[in-house]
Amino acid sequence: MNSTSLSRLFAARPVRRRTFFRVAGATAASSALVLAGCSKDDETPEVTAEQTFTLGTGDTGLLNYAYLLEQLEAAFYDKVVATPPSDMSAAELAYFTDLRDHEVIHREFFKFALGTSAIGTAVFNFGSITLTTRAGVLAAAQTLEDLGVAAYNGAGKLFIDPVYLGVAGKIASVEARHAALIRDLVLPNSFAAADVVANDGGEFDGLDAAKTPAQVIAVVNTFLNITISAAGLPS
């Protein structure tokens, strides 16, 4: 699928909760990262001999980058909702279920819109996270949500097609709501703490943090058994 047809598809496919739950497939396959039906142009991902996985180039690479992030978040929340820690309240579990649902919609949106240009399904290793306690789950959720917001903030300026920028902006706003909720659960009134919203008297005061694809992928790699490379993505 070329960038022009992708743009038209994104413009024509608003995110509808019912639609994307209907097309949502199984969660994680047994392999670490599977390529499904990718064509061989220079914008599609490939596995190198060194088993370093690249996401592609240009706007398609950035969309696969976002798709990978949404896979990570959806997998995390799915795991928490399936086996919540015993000290998590019913209200908090309901919040996490809603967050899971949002991330699944985001994941399936990118998968559906990318079509044959999409990377395959990733399997994540959450062994470094304490999933048996409320504190451990909230700490991990804060890390992932802050990472997601910073990732979209950093990637927005890299898109060539404004249609993709518009979609990224809409999803980034939802991720920011998630991040604010999680931070407030961790520590009330910490949703706009100085580590995420600049407040040092500089030119970026009042603006949320932004990270480059390379910075974000370095964190994502800690949850994978293979290496993802940001090489080829715009910077």
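Given the structure is predicted, the values throughout are model-derived calculations rather than measurements.

The rules behind each value
Residues numbered from 1 in each chain as written. Predicted model: local features only at pLDDT ≥ 70, side-chain atom pairs only at ≥ 80, totals over all residues. Heavy atoms only, no water. pLDDT = per-residue confidence, 0-100. Helix = DSSP H or I, 4+ residues; strand = E, 2+ residues; numbered from the N terminus. Contact = heavy atoms within 4.5 Å. Axes fitted to C-alpha atoms, helices over the stretch in contact; angles between N-to-C directions. Parallel < 35°, antiparallel > 145°, perpendicular 65-115°, else oblique. Left-handed = near helix turned anticlockwise from the far one by under 90°. Nonpolar A, V, L, I, M, F, W, Y, C, P; charged D, E, K, R; others polar. Phe/Tyr/Trp six-rings, centres within 6.5 Å; stacked < 30°, edge-to-face > 60°. Buried < 20%, exposed > 50% of the residue type's maximum accessible area, 1.4 Å probe, protein only. Salt bridge = Lys/Arg side-chain N within 4 Å of Asp/Glu carboxyl O. Core = buried A, V, L, I, M, F, W, Y, C linked by side-chain atoms within 4.5 Å.

1. A few points about the confidence of the model for the protein
Confidence along the protein averages 80 in pLDDT terms, with 71% of residues attaining 70 or more. The secondary structure element of the protein with the lowest average pLDDT is helix H2 (residues 17-23), at 43, and the one with the highest is helix H3 (residues 58-82), at 97. Here residues 17-42 scores under 50 on pLDDT; set against residues more than four positions off or in separate chains, the count is 58 contacts.

2. What to know about the packing of H3 against helix H4 (residues 90-114)
Between H3 and H4, whose axes approach to 8 Å, the crossing angle comes to 150°. Relative to H4, the element H3 lies roughly antiparallel. The hand of the H3/H4 crossing is left-handed. When the residues that make up the contact of H3 with H4 are grouped by side-chain class, the tally is 14 nonpolar, five polar and seven charged.

3. Description of the packing of aromatic side chains
For any pair of aromatic rings, geometry is given as the distance between the ring centres together with the angle between the planes. For the structure shown, the criterion picks out seven aromatic pairs. Seen from their ring centres, Phe76 and Tyr77 are 5.1 Å apart, and the 65° between their planes marks the pair as edge-to-face. Of the two residues examined, Phe76 and Tyr77, each falls in the buried class. Joined through ring pairs, the aromatic side chains of Phe76, Tyr77, Phe96, Phe124, Phe126 and Phe223 make up one cluster.

4. Quick word on the pattern of salt bridges
Per the stated rule, a full pass over the model turns up five salt bridges. Salt-bridge contacts for Arg100 lead to Asp78; the nearest nitrogen and oxygen are separated by 3.5 Å. Of this pair, Arg100 sits in helix H4 while Asp78 sits in helix H3, and the two are 22 residues apart along the sequence. Among the ionic pairs, Asp101 bridges to Arg100, the shortest N-O distance being 2.8 Å. Across the pair, Arg100 and Asp101 agree in class, each one buried.

5. Things to note about the nonpolar core
Counting residues in hydrophobic clusters, the biggest one holds 53 residues, and the most contacted among them are Leu55, Tyr65, Leu68, Phe76, Phe96 and Phe110. Those elements giving two or more residues to this core turn out to be H3, H4, helix H5 (134-155), helix H6 (162-186) and helix H7 (213-220). The leading source of residues in this core is H3, at twelve residues.

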